[in-house]
Amino acid sequence: MSTKSTGEEQSEETVSGARSADARVEESQESGSVQGVDHAPPRPSQVVGTATTVLGAFVTVVFTPLAVPFGIAGAGVFAAGLLVTYSTRWLTIGTAMILTGSLISGAYGALTPEVMILAVGAVFVGWDAGQHGIAVGEQLGRRARTDRNQLVHISATTLVTALVGALSYLVSLFGRGGRPGPAVATVVVGVLVLTWLYRL
Amino acid sequence: MDIVSLGRRAGIALGTIALGLGIVFLFAPGQAAAVPVTVLVVDVAAVVAVVLGLWAVRQRLKGGSRRISVPDVEFRLATPTPGDEIDEKVYRMTELREGTLEYREQIYERVRDVAVSVLRQRRDCSREEAEGLLERGEWTADDHAAAFLTSRGSGGGGQSLVTQVVDRFTDRESAYEQQLRATAGEIEALAGYSDEPGTDRTGNSGDSEGPDAMASDVFSRDVEANRVADDVLYFGTLTTGHWSGIAAFSLFALAVGLLTSQPAILLASALGVGLAGYARVGTPPALTNLAVTRTVSDESPEPGAEIDVSVTVENEGSSFMPDLSFVDRVPPTMSVVEGSPRLGTALRPGGRASFSYRVRVTRGEHDWPLQVIGRDLSGSAEREAEIEPETPVSCAPRLETVVDAPVRLQTSVYEGEVKTKTGGSGLEFFSLRDYQPGDPESRINWKEFARTGEFTTIDFREERAARVVLLFDCRESSYVSSTPGEMDALNRSIEAAYDVFASLTDQGHLVGLAAYNGVPCWLGPSTGSMHRQRAREVFAEHPAMSALPPSLAAKDEGRYVDPMVHIRRQLPSNTQLFLFSPLADDYTHEVARRLHSSGHLVTVISPNPTAGRTPGQRVARLERRVRVRRLRDHGIRVVDWETDESLGLALEYARKRWQA
């Protein structure tokens, strides 16, 4: 069916050049409207960002009733920021709420270290994907092809988060058996100073 | 080295030492006893962490996330609509409370002038009578409109403070706007100009599909450029703040973790610190190793044609470029009709990517850069560069047409196609007259001689070529359009002029070009293929006919040229003029009248750029109609060319009207 129709079109074109020129003019008039630019974040980062953030929020929320409002509200604000308002500020506020929820859960001892790493890591990946998506949307828009740099960016963040998470987890496993308080404290002071100086 | 960076280095050294010691202690618990740790120390550390965390939050809120901005290159340059300046004044008056008295006075004057002109035409009365009618408010049944145009009301006013406050907060139109709208509506009704009032009330906000960035930021870059290679300009780097805020979380988590002694939270804090470090290490890639090739489907297209542009970029360096954004900075006179001139990609060494789009071109020489934004892997730093691939597109009209442009009865001495009202040699019978010595033998009426024996001579209708100059009003006020994204009146005029020029030369007339603007432009009436070629060059390249408004085009030799002096000095006698102008102000009206009264027949071809979305635009539309009317009263032909009409059609209607 489809091959037949293309064959007909071709023969028409060869039969009369004038007609095909007319057809081209018509076509160009149809497509002649100006292509705008849609500054929405591209779909992949919207999907990845929302999905991982909701996952992270769910994991932190599910163990502690007190964290539930933070998780739900945070995920809501985040999703609205990424899907509706395209604002990094909303993303950050949403993320901050979810992370507050996770700290509350953690403070009650409701989360095992494994779950905590998973949840916080997922929230970070979602936040990063969402922000990147909004930046790409602002600069390139949704009509442009942007799959490759999104893919590279999101996978790099995921990989780094997984690596850092795994490393911290291994260190914590090592230190779990009877850590000397002073040693931990010294590490903490070092981390504190370095974080502050490398602050972002 | 200043004190801050010195302290910073010391701090980094201290932190590293502490971290190292701590790890040593973890492995060798015996040594740790030397460090005094109490609950108090832990609490203090937590408090410090919280304070620093708050500081980091503040920084995030202050800085937010910044990105290198990219203009909407897809759209044409946005041009204003006549009357926008009135709306601007109304806005300043009612919303910003600026210049209330003078703006009110200016708007009042304009509206009143229009009303007087319309009244004089419609009621067939003198200026004094019309002013009297306005003064007494007897011209309309609408109270608002009548009050608006009395000298006491002098443009509305007199509303209570309460209404003003309510208007401000309810986002309603102010009383002034309501009065102005009512007045514009009443004058329109009086002029017999029926346009459903309020049909495009929403049109104000309906322009969302148009470009939102005004042209100025397409051109002006406040960042200093730095040429790093023959065709690459660097615009500096930017710290995006993409990960900013993660340190705050780490610090809070540290504090909570210390206070509650929960290992899970300390772990989350460590994750945050790790990611903060990741965000720190990257630097944006060097963009000098990008090879860009741009190909166009047609390097010398016709104006209005659509050409395909495809751009291929290749990473010729040896390092991975993880995050690249390419935006082809299509000139503001072109619009993208298919595809997107943008691409986001990642390029490994030797990797290449391409994108293509289709643009509609306008006349002129075009050469445009490719904007590249390179980010590091974590997205925390951006570098902007411009690469200039050498792909000039030169677009000149072919000057061939099927449109038939009507000339008037003012001719040159050359043979041509205009049937004059004088007798002489020719084809068509014109008249009989007495023989005068020297008349050619062939034109003697021999039959008459045979019958009566007297010599008479037959005159035929002389057919002459007309001498025509196409004159363009290229001042800033001609760059107007009825909607912001549409082609402006001057560019429409010039595109229409291709047809008129070609049609007139095809008919054997002598055609010239002229424009008035900051730059004098004159191509005397002539004919022949060389002349046609020169005309193409003028259309395509002459700065006076730039596709961009003078305020945005290259700023050279911007001096005032008086068309009265510049054109009239060069204009041969017996030359007709086709004057292209949107008639958006009184100046061109005056030009047309003066040229007409100095013996040139003038045909004004006026693309209509007016719209009726706002009161101001409606007033401007009325003003233009009054101008058209006054020109016609002076015997000047005016082709009122609507936006959605082809010029051929407009000329056909006009011809019918002139013949009737």
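Residues numbered from 1 in each chain as written. Chains lettered and ligands numbered in written order. Predicted model: local features only at pLDDT ≥ 70, side-chain atom pairs only at ≥ 80, totals over all residues. Heavy atoms only, no water.

**Quick notes on the overall build of chain B**
And step 1. A count of helical and extended segments in chain B gives 18 helices and 19 strands.
And step 2. Here chain B, with 660 residues, has 50% of them falling under the buried criterion.
And step 3. In the form shown here, chain B has an accessible surface area of approximately 30,200 Å², with 53% of it arising from carbon and sulfur atoms. (Helix = DSSP H or I, 4+ residues; strand = E, 2+ residues; numbered from the N terminus. Buried < 20%, exposed > 50% of the residue type's maximum accessible area, 1.4 Å probe, protein only. Areas by Shrake-Rupley, 256 points an atom, 1.4 Å probe, with all protein chains shown as cover.)

**Regarding the overall build of chain A**
And step 1. For chain A, the helix and strand inventory stands at 8 helices and 0 strands.
And step 2. Taken over 200 residues, chain A has a buried fraction of 49%.
And step 3. A sequence separation of at least 24 residues applies to 77% of the contacts in chain A between residues at least 6 apart.
And step 4. A total of about 9,600 Å² of accessible surface is found on chain A, and carbon and sulfur atoms cover 67% of it. (Contact = heavy atoms within 4.5 Å.)

**Describing the packing of aromatic side chains**
Residue and element names in this part refer to chain B.
And step 1. Considering all chains together, one arrives at 13 aromatic pairs over all chains under this definition.
And step 2. Seen in terms of ring centroids, W446 and F449 are 5.9 Å apart; in terms of plane orientation they differ by 90 degrees. Their pairing is edge-to-face. Here W446 and its partner F449 are both found in helix 12 (residues 446-452), 3 residues apart, which amounts to about one turn of the helix.
And step 3. For F449, a relative accessible area of 31% translates into the label partly exposed.
And step 4. Through successive ring pairs, a cluster of aromatic residues spans F472, Y498, F501, F539 and F580.
And step 5. Stacked on the ring of W55, the Lys or Arg R58 has its end atom at 5.0 Å from the ring centre.
And step 6. Here the basic side chain of R492 rests over the ring of W641, its NZ or CZ set 4.3 Å away from the ring centre. (Phe/Tyr/Trp six-rings, centres within 6.5 Å; stacked < 30°, edge-to-face > 60°. Lys NZ or Arg CZ within 6 Å of the ring centre and 35° of its normal.)

**With respect to the interface of chain A and chain B**
And step 1. Each partner contributes to the interface: chain A provides 76 residues, whereas chain B provides 93 residues.
And step 2. When the two sides are added together, the surface that chain A and chain B hide from each other amounts to roughly 7,100 Å², 70% of it contributed by carbon and sulfur.
And step 3. If you look at where chain A meets chain B, you find 14 residue pairs in polar contact (both at pLDDT 80 or more).
And step 4. Going through the elements one at a time, helix 5 (88-107), helix 6 (113-139), helix 7 (147-176) and helix 8 (181-197) of chain A are the ones with two or more residues in the side of chain A that touches chain B.
And step 5. Among the elements that line the side of chain A that touches chain B, the one with the most residues is helix 8 of chain A, at 17 residues.
And step 6. Grouping the amino acids of the side of chain A that touches chain B by side-chain chemistry returns 39 nonpolar, 29 polar and 8 charged. (Buried area = accessible area lost by both parts, 1.4 Å probe. Polar contact = N/O pair within 3.5 Å; in protein donor to acceptor, adjacent residues only side chain to side chain. Nonpolar A, V, L, I, M, F, W, Y, C, P; charged D, E, K, R; others polar.)

**Describing the sheet that holds strand 4 (residues 306-315) of chain B**
All names here are of chain B.
And step 1. Pairing within the open sheet is antiparallel, and its 4 strands lie in the order 3-4-8-6. For this open sheet the edge positions go to strand 3 (290-296) and strand 6 (335-339), each flanked by a neighbour on one side alone. The mean inter-strand angle of the sheet, taken between neighbouring strand axes irrespective of direction, is 30 degrees.
And step 2. As paired elements, strand 6 and strand 8 (residues 352-360) share 4 bridges and run antiparallel to each other. (Pairing = 2+ DSSP bridges. Axes fitted to C-alpha atoms, helices over the stretch in contact; angles between N-to-C directions.)

**What about the sheet that holds strand 11 (residues 381-387) of chain B?**
All names here are of chain B.
And step 1. Strand order in the open sheet made by the 6 strands is 1-2-11-10-5-7, with antiparallel pairing throughout. For this open sheet the edge positions go to strand 1 (226-229) and strand 7 (342-347), each flanked by a neighbour on one side alone. The sheet shows a mean angle of 30 degrees between the axes of neighbouring strands, direction not considered.
And step 2. For strand 2 (residues 232-239) and strand 11, the ladder comprises 6 bridges, and the chain directions are antiparallel. Paired with V232 across the strands is I387, a residue of strand 11.

**Some remarks on the pattern of salt bridges**
Pairs can form between side chains of opposite charge whenever their charged atoms are close.
All names here are of chain B.
And step 1. Evaluation of the coordinates by the stated rule reveals 27 salt bridges over all chains.
And step 2. Between D585 and R475 there is a salt bridge; the shortest N-O distance is 3.0 Å. Taken as a pair, D585 in the loop between strand 17 (576-580) and helix 16 (586-597) and R475 in the loop between strand 14 (456-473) and helix 13 (489-506) lie far apart in primary sequence, 110 residues in all.
And step 3. When its relative accessible area of 22% is taken as the criterion, D585 is described as partly exposed. (Salt bridge = Lys/Arg side-chain N within 4 Å of Asp/Glu carboxyl O.)

**Digging into the packing of helix 3 (residues 43-61) of chain A against helix 5 of chain A**
Between two packed helices, what matters for the description is the angle formed by their axes and the separation of those axes.
Residue and element names in this part refer to chain A.
And step 1. Across the interface, helix 3 lies against helix 5 with an axial gap of 9 Å and an inter-helix angle of 25 degrees. Taken together, the axes of helix 3 and helix 5 are roughly parallel relative to one another. Once helix 3 is placed against helix 5, the crossing between them reads as left-handed. Counted together, T53, A57 and T60 of helix 3 and I98, S102 and S105 of helix 5 form the full contact between these two elements. (Parallel < 35°, antiparallel > 145°, perpendicular 65-115°, else oblique. Left-handed = near helix turned anticlockwise from the far one by under 90°.)

**Digging into the state of the cysteines**
And step 1. In the structure shown here, the tally under the stated rule is 0 disulfides over all chains.
And step 2. Left without a disulfide partner, C474 of chain B is nearest to the cysteine sulfur of C521 of chain B, which lies 7.2 Å away. (Disulfide = S-S within 2.5 Å.)

**Overview of helix 3 of chain A**
Side chains that are three or four residues apart share a direction in an α-helix, a result of its 3.6 residues per turn.
And step 1. Over its 19 residues, helix 3 of chain A extends 26 Å from the first C-alpha to the last, a length consistent with the 27 Å expected when each residue adds 1.5 Å.
And step 2. Of all the residues in helix 3 of chain A, the buried ones are S45, Q46, G49, T50, T52, T53, G56, A57, V59, T60 and V61 of chain A. (Expected span 1.5 Å × (residues − 1).)

**Side note on the confidence of the model for chain B**
Residue and element names in this part refer to chain B.
And step 1. When the pLDDT values of chain B are averaged, the result is 79; 85% of them are 70 or greater.
And step 2. This model gives residues 196-220 a pLDDT under 50, and the stretch forms 27 contacts once residues within four places in sequence are excluded.
And step 3. Across the whole predicted complex the pTM is 0.74, and at the interface the ipTM reaches 0.79. (pLDDT = per-residue confidence, 0-100.)

**Remarks on the packing of helix 4 (residues 100-123) of chain B against helix 17 (residues 615-633) of chain B**
Residues and elements named next belong to chain B.
And step 1. It is at 10 Å that the axes of helix 4 and helix 17 come closest, and there the two elements cross at 45 degrees. The angle between helix 4 and helix 17 falls in the class oblique. The way helix 4 lies across helix 17 gives a crossing that is left-handed. For the pair formed by helix 4 and helix 17, the contact residues are R110, V111, V114, S117, V118, Q121 and R122 on the first element and V619, L622, E623, V626, R629 and R630 on the second.
And step 2. When its residues are assigned to classes, the contact of helix 4 with helix 17 shows 6 nonpolar, 2 polar and 5 charged.

**A word on the environment of V228 of chain B**
All names here are of chain B.
And step 1. Within the secondary structure layout, V228 lies in strand 1.
And step 2. Since its relative accessible area comes to 35%, V228 is described here as partly exposed.
And step 3. The residues contacting V228, other than those within four sequence positions of it, are Y234 and T288.

**Quick word on a negative patch on the surface**
And step 1. A cluster of acidic residues, D230, D231, E365, D367, E390, E537 and E541 of chain B, forms a negative patch at the surface.
And step 2. Looking at where E390 of chain B falls in the secondary structure, it is placed in the loop between strand 11 and strand 12 (393-395). (Patch = residues over 30% accessible without salt bridge, like charges linked within 9 Å, V, L, I, M, F, W, Y side chains within 5 Å. Lys, Arg positive; Asp, Glu negative; His and termini not counted. Charge placed at Lys NZ, Arg CZ, Asp CG, Glu CD.)

**A word on the pairing of strand 1 of chain B**
Residue and element names in this part refer to chain B.
And step 1. Of the pairings in the sheet, the one linking strand 1 to strand 2 comprises 3 bridges and is antiparallel in character. Across the sheet, the residue bridging to A229 is V232, located in strand 2.
And step 2. Linking strand 1 to strand 2, which pair antiparallel, is a turn of 2 residues.

**With respect to a positive patch on the surface**
All names here are of chain B.
And step 1. Together, R122, R625, R629, R632 and R657 line one region of the surface with positive charge.
And step 2. A per-element tally of the positive patch places helix 17 first, with 3 residues.
And step 3. Mapping R629 onto the fold places it in helix 17.

**Re unusual backbone geometry**
Across residues other than glycine, the phi torsion is negative in most instances, and most of the peptide bonds are trans.
Residue and element names in this part refer to chain B.
And step 1. One non-glycine residue, D124, lies in positive phi territory at about 55 degrees.
And step 2. The topology assignment puts D124 in the loop between helix 4 and helix 5 (127-136).
And step 3. In this model, N574 sits at a positive phi of 55 degrees, which is unusual for a non-glycine residue.
And step 4. Mapped onto the secondary structure, N574 falls in the loop between helix 15 (563-570) and strand 17.
And step 5. Its relative accessible area of 42% is what places N574 among the partly exposed residues.

**Some remarks on helix 13 of chain B**
All names here are of chain B.
And step 1. Between the first and last C-alpha of helix 13 there are 25 Å, a value that for 18 residues agrees with the 26 Å anticipated at 1.5 Å per step.
And step 2. Maximal helix bending in helix 13 amounts to about 25 degrees, located at A497.
And step 3. Among the 18 residues that make up helix 13, 15 are buried, leaving the element largely enclosed by the rest of the structure.
And step 4. Phi for G508, located one or two positions after helix 13, is positive at around 90 degrees. (Bend = angle between axes of the 7 residues up to and from the residue.)

**Here's the deal with the environment of A396 of chain B**
Residues and elements named next belong to chain B.
And step 1. Secondary-structure assignment places A396 in the loop between strand 12 and strand 13 (411-434).
And step 2. Put simply, A396 and S318 are 78 residues apart on the chain and 43 Å apart in space, counted from C-alpha to C-alpha.
And step 3. What A396 contacts, discounting residues up to four positions off in sequence, is P301, E302, P303, R536 and A540.

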